[in-house]
Every structure is written in structure tokens, then in C-alpha cells.
Amino acid sequence: MKQIKILFIILPIFFFGLIQDTNGQCLDFAKTEGFAALDTAIYIPDGRLNSLPLSQGDNLDVYKPFFRGRKYKVVVIAANGISEVNFKVVNFQRKVIFDSQAGGKKVSEWEFESERNQNLIISVELPEAKSSEQPKTGCVAVLVGFSQK
Amino acid sequence: MKYSKLFALLFLATSLMMFVACGESTSDSGGEQDSTLNTDTTSVSENKNVPGILYSLPAPVDIASVLMDHPGAKFEGEMLNSPKNSTKYNTNKSLALNLGIYTADLSYAGFFEQQQITTEYMTVTKELAEKLGIANIIDPAKIEMINAKKLSKEAMQKLISETFMNTDAYLKENGRQELMTMILVGGWVEAQYLATRLSKSSLTENPDLVKRILEQSLTLELMLMLINDSKDNENINALQPELMKIKLAYDNINQAEPEQEKYTAFCNVIKDIRTGMTE
């Protein structure tokens, strides 16, 4: 009975530690790979770190305000062998403003100048794994930089 | 048999914990106008499997640059929250709100390349962060770097932005996102306070700045959505009435043709809320 009690205490601690470690690795990845992709020589990181561990088949929505007359760069990256990550930038009515798969060429970043003030959603999608494969889990990070005129 | 049931129970409990840790919020939203940037009108279906929604409220460095990046903006150091006040803040709520406030002051000073004041506010934000248990976020070498040589506006902003990202990362790693929400609210209120003071509560003194101040209703909209999703936290819930006062003051103003009386009322609401946070 004592062993069972110990098990009750140890297992959740173990899994909690595992989750914390996964998040930590995710944030490290976002900072190293994300900053490089953002091109911080041109774009100033907006100061926010949007990252989560996701599995193939998951989606993530990042809500963010964009202000008129500013240039932005949105970068979406994934780690741990997740080769395909798609994203759309949509407004609150889910109208598509940018699609990373449009024109048959997949891209992982978008540079644009916001012509007006708008709250937009960066909607990230990890396609499902093939039915014969186990879904992979890895860190997905969305980073935004701005540039002043 | 007993053991297999026990393991099944533990598996379920830990799976639930993992799910909760990965997710942040799952609420829906609405109410924004169409964008002029539309290149495609395809409708996106609702996300069926969303483990999390992240509200990426702007960091103080971002807000400061949005408000101040125009020819009429200038630096007025006396508006800032004095570093001497830092000893007054002892609760998690007051520490987090004022960490946001000092970060906005720091961003404002950095934007105008105020080397000495930036160093001073970098030091006070480090102190407050440490009081909140956020250790080793601000590298003393970075403070020394600002102090030792003249950095450009962009270099200052990058340095402040990176430091803020470290705080964001630390709080996420340690499951203390509620502190980040309070830091962002404090930073946003302070940036609005500085901007309204610079406008001298007048519609005509600096019309471009007034326009930028009023455009911040966009950020407030997201802030209220985030707070609505974090209602379980007492400290965050307590911020809602204050932010609702700002929303009402915004709603009273016709953004196309603002009236002086209503703009003055708006500036006073911002001032009162900021005073409540800093005193």
C-alpha cells in the first residue's frame, strides 16, 4: 500500500517535470532558430515568444494586433522532424489574408506592410501524419518582428 | 488487477495534465472589420483541433514604438514612474503591474536614446523581476553595455525586446503566465499614460499622436479577451473593471470626429488607473 502511495506522488511529479522540460526546449528553439529566421538585422523582435509543443494534426491560433504603416515579418517554424507546417493569416471573420501554401509554393515567413490597424489571427496547422505513421510532436514557434521607417 | 486499475488511473491523470499544460485557452472571438490587405476571400473552416490560443499582446517596447514613432514625439523624463517608488511594491500584483510600467518607461527612454535613464530603468526592472522570483533575466553585462556606450535607437529596442522575451520565456517555462498578463497590462496603461500626457489631453496639440492613442482600442480588445479567458485568477480578474472603464471611455469617443470633452475624460481615466497602479 505504501508503494502505491509513493507511486501516486512520484508519477505526476515525473510527468510535470517532463512537460516543463519540453516547454523549456521549445522556448530555446524559438529563440535560436526563430531569431535567425526573423532576420534581426532588419526586424526588431516584437518582444513576445509564441511557442507551444504541438503534434501532427494539431492547430494553433495566435491573436495579434498589427498597426498601420508598419512593416512586419511573421515567421513560423517547427522542430523535431516536423517537416510540414502551414499557416494562414486571417481576420476575425476568418477571411484569408495570407496563405503559406498559396501559389503552390510553401513558405514559412511573410513580410508585409499593414495598411490599417487590425487584429489578425496567425492560424498554424500541422498536417495529419500518414495513417501508417505515429504522429510526431515538436515545438512550433510563431515570431513577429517589426521595422520602423 | 488492483495495480492495472491504478496504472490506468495514473495514465489518465497524467494525460490530462499534459493536455492542460499544452493548452492555454480555447475561446472563440469575433468583431473585427475586414482588412484592406485581403488577397483572398476563401473562408477558413473553424479549427477542429486547437490545443491552444495565444493572445500575443504587444510588449511595452512595441507599444512605445507604435505611439512615439512620429515627428512630433519627444522625451519628457518627469512623466515616468520614479525608480524610488519601487520599494512600495511588495505584492505579486503590484510588482508585476509596475514591472510592466517600468518596462514601458524603459522602452520610451530607449526609443529616445536616453542612455542614463535607460540604464536606471533597466536596473529597476531587474530589481522588480528578481522580487517576483524571475532570476537572471537581465544580464548585468547588457546594463553595462547601455551605460558604457551610445547605442542607436534600434540597438536599444532590440536589447529591451530580447530581455522582455527572456521574461516571457521564463514565466511560460514556470507556468506563471498570469504574471506576464499583468506585466503587459501595466506596460500598456503606462504607454497610454505617457502618450496622453504628451498630447496634453488636447486633440489639437498633436493630432497624429491622438490618432495613435485612439487606435490602441485594438490592443484593449485583445486584452479584454485574454482577461476574460483568465477569470479564474483573482489578480487578473480584478483588472477587468479597470480596463472596462477604459473601454467605455474609448467607446464614448467618435474616432472619426473626436470631441475634446470626451478625449479629456478618456485621458483622465487613463491617469486615474495609472495612479492606482503606481501608488
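Above this note sits the structure.
In this text, all values refer to a predicted model and were calculated from it rather than measured experimentally. The numbers attached to residues start from 1 for each chain and follow its sequence in the written order. Naming scheme: in the order in which they are written, chains are lettered from A and ligands are numbered from 1. The predicted origin of the model limits local features to residues at a pLDDT of at least 70 and limits the giving and counting of side-chain atom pairs to 80 or more, whereas totals for whole chains, interfaces and linings rest on all residues. Side-chain metrics rest on all non-hydrogen atoms present in the structure, leaving aside hydrogens and water.

To continue, consider the overall build of chain A. Scanning chain A for helices and strands turns up 1 helix and 9 strands. Starting at the N terminus and ending at the C terminus, chain A contains elements arranged as α-β-β-β-β-β-β-β-β-β. For each residue, the accessible area found with a 1.4 Å probe, counting protein chains only, is set against the maximum for its type, and the residue is called buried under 20%, exposed over 50%, and partly exposed in between. When the 149 residues of chain A are sorted by exposure, 55% land in the buried category. Values of accessible area rely on a 1.4 Å probe in the Shrake-Rupley scheme; residue burial ignores everything except the protein chains shown. Working note: accessible area of chain A is about 6,600 Å², and carbon and sulfur atoms make up 53% of it. Secondary structure elements follow DSSP: runs of H or I of four or more residues count as helices, runs of E of two or more count as strands, with numbering from the N terminus.

Here a Phe, Tyr or Trp ring, Trp counted by its six-membered ring, pairs with any other such ring whose centre lies within 6.5 Å, and the pair is stacked when the planes are under 30 degrees apart, edge-to-face when over 60, and tilted otherwise. Taken as a whole, this structure holds 16 aromatic pairs over all chains when the rule is applied. Between the aromatic rings of B:Y108 and B:F112, the centroid separation amounts to 5.4 Å while the plane-to-plane angle is 80°, which identifies the pairing as edge-to-face. An aromatic cluster is built from A:F66, A:Y72, A:F87, A:F98, A:W110 and A:F112, whose rings are joined through pairwise contacts. Lying across the ring of A:F66, A:K64 places its NZ or CZ 5.8 Å from the centre. Between A:R70 and the ring centre of A:F146, over which it is positioned, the NZ or CZ distance is 4.2 Å. Criterion for a charge above a ring: Arg CZ or Lys NZ at most 6 Å from the ring centre, at most 35 degrees from the ring normal.

A few words on the pattern of salt bridges. A pair can form between side chains of opposite charge whenever their charged atoms are brought close. Between Lys or Arg on one side and Asp or Glu on the other, a salt bridge is scored when a side-chain nitrogen of the former is within 4 Å of a carboxyl oxygen of the latter. Taken as a whole, this structure holds 17 salt bridges over all chains when the rule is applied. Residue B:D168 is joined to B:K172 by a salt bridge in which the shortest nitrogen-to-oxygen separation is 3.4 Å. Here the residue B:D168 and the residue B:K172 both occupy positions in helix α6 (residues 153-173), the gap between them amounting to 4 residues, near one helical turn. Salt-bridge contacts for B:K247 lead to B:D251; the nearest nitrogen and oxygen are separated by 3.0 Å. Of this pair, B:K247 and B:D251 both sit in helix α11 (residues 240-252), 4 residues apart, roughly one helical turn. Here B:K247 falls in the partly exposed class, since its relative accessible area comes to 30%. A single salt-bridge network, built from bridges that share partners, covers A:D46, A:K64, A:R70 and B:D62.

Quick look at the packing of helix α7 (residues 177-198) of chain B against helix α12 (residues 260-278) of chain B now. Residues and elements named next belong to chain B. With their axes 9 Å apart at the nearest point, α7 and α12 run at an angle of 135° to one another. Between α7 and α12, the interaxial angle falls into the category oblique. Crossing handedness for the pair α7 and α12: left-handed. On the side of α7, the interface is formed by V185, G186, V189, E190, Q192, Y193 and T196, while α12 contributes Y263, F266, C267, I270, K271, I273, R274 and M277. Under this scheme, a helix contributes an axis fitted over its contacting stretch, all axes are lines through C-alpha atoms, and angles between N-to-C directions fall in the 0 to 180 degree range. Under this scheme an angle from 65 to 115 degrees is roughly perpendicular, one under 35 degrees roughly parallel, and one over 145 degrees roughly antiparallel; angles in between are oblique. For a crossing to be left-handed, the near helix must be turned anticlockwise from the far one by less than a right angle; the clockwise case is right-handed. Should any heavy atoms of two residues lie within 4.5 Å, those residues are counted as being in contact.

With mixed pairing, 5 strands are arranged side by side in an open sheet as β6(A)-β5(A)-β8(A)-β3(A)-β1(B). Each of the sheet's edge strands pairs with one partner strand only, and the pair in question is β6 (96-99) of chain A together with β1 (52-55) of chain B. For this sheet, the mean angle separating the axes of adjacent strands, direction not counted, is 20°. Each pair of strands is called paired provided DSSP finds at least two bridges between the two strands. Summarising the sheet, strand β3 (residues 59-66) of chain A and strand β8 (residues 118-125) of chain A pair through 8 bridges and their orientation is antiparallel. Directly across from A:N59, in β8(A), lies its bridge partner A:E125. The strands touched by helix α9 (residues 217-229) of chain B within the sheet are β3 and β8 of chain A together with β1 of chain B, with β3(A) carrying the most contacts at an inclination of about 140°.

Another aspect to go through is α6(B). Residue and element names in this part refer to chain B. One less than the residue count of a helix, multiplied by 1.5 Å, gives the span that helix is expected to have. The end-to-end C-alpha distance of α6, which contains 21 residues, comes to 30 Å, matching closely the 30 Å that a straight helix rising 1.5 Å per residue would cover. For α6, the tally of buried residues reaches 15 of 21 residues, placing the bulk of the element in the interior. The positive-phi residue at the C-terminal boundary of α6 is G175, with phi of around 65°.

All names here are of chain A. For strand β4 (residues 71-78), a buried count of 6 out of 8 residues is recorded, marking the element as mostly surrounded by other parts of the structure. Bridge analysis of β4 against strand β9 (residues 137-147) gives 8 bridges, and the strand direction is antiparallel. Directly across from A78, in β9, lies its bridge partner V140.

Here B:H70 shows up in the loop between α2 (60-68) and α3 (92-111). A polar contact of 3.2 Å, which involves the side chain of B:H70, links it to the backbone oxygen of B:L67. Polar contacts, as used here, are pairs of N or O atoms within 3.5 Å; protein pairs need one atom able to donate a hydrogen and one able to accept it. Residues neighboring in sequence count only if both atoms are side-chain atoms.

Quick look at the pairing of β6(A) now. Residues and elements named next belong to chain A. Relative to β6, strand β5 (residues 86-90) is paired through 3 bridges, and the arrangement is antiparallel. Across the sheet, V90 pairs through a bridge with V96, a residue of β6. In textbook terms, the turn of a hairpin is the stretch between consecutive antiparallel strands, and for β5 and β6 this stretch comprises 5 residues, one of which, R94, has a positive phi near 65°.

Here B:S56 lies in the loop between β1 and α2. With sequence-adjacent residues up to four places away left out, B:S56 is seen in contact with A:D46, A:R48, A:N50, A:V62, A:Y63, A:K64 and A:P65.

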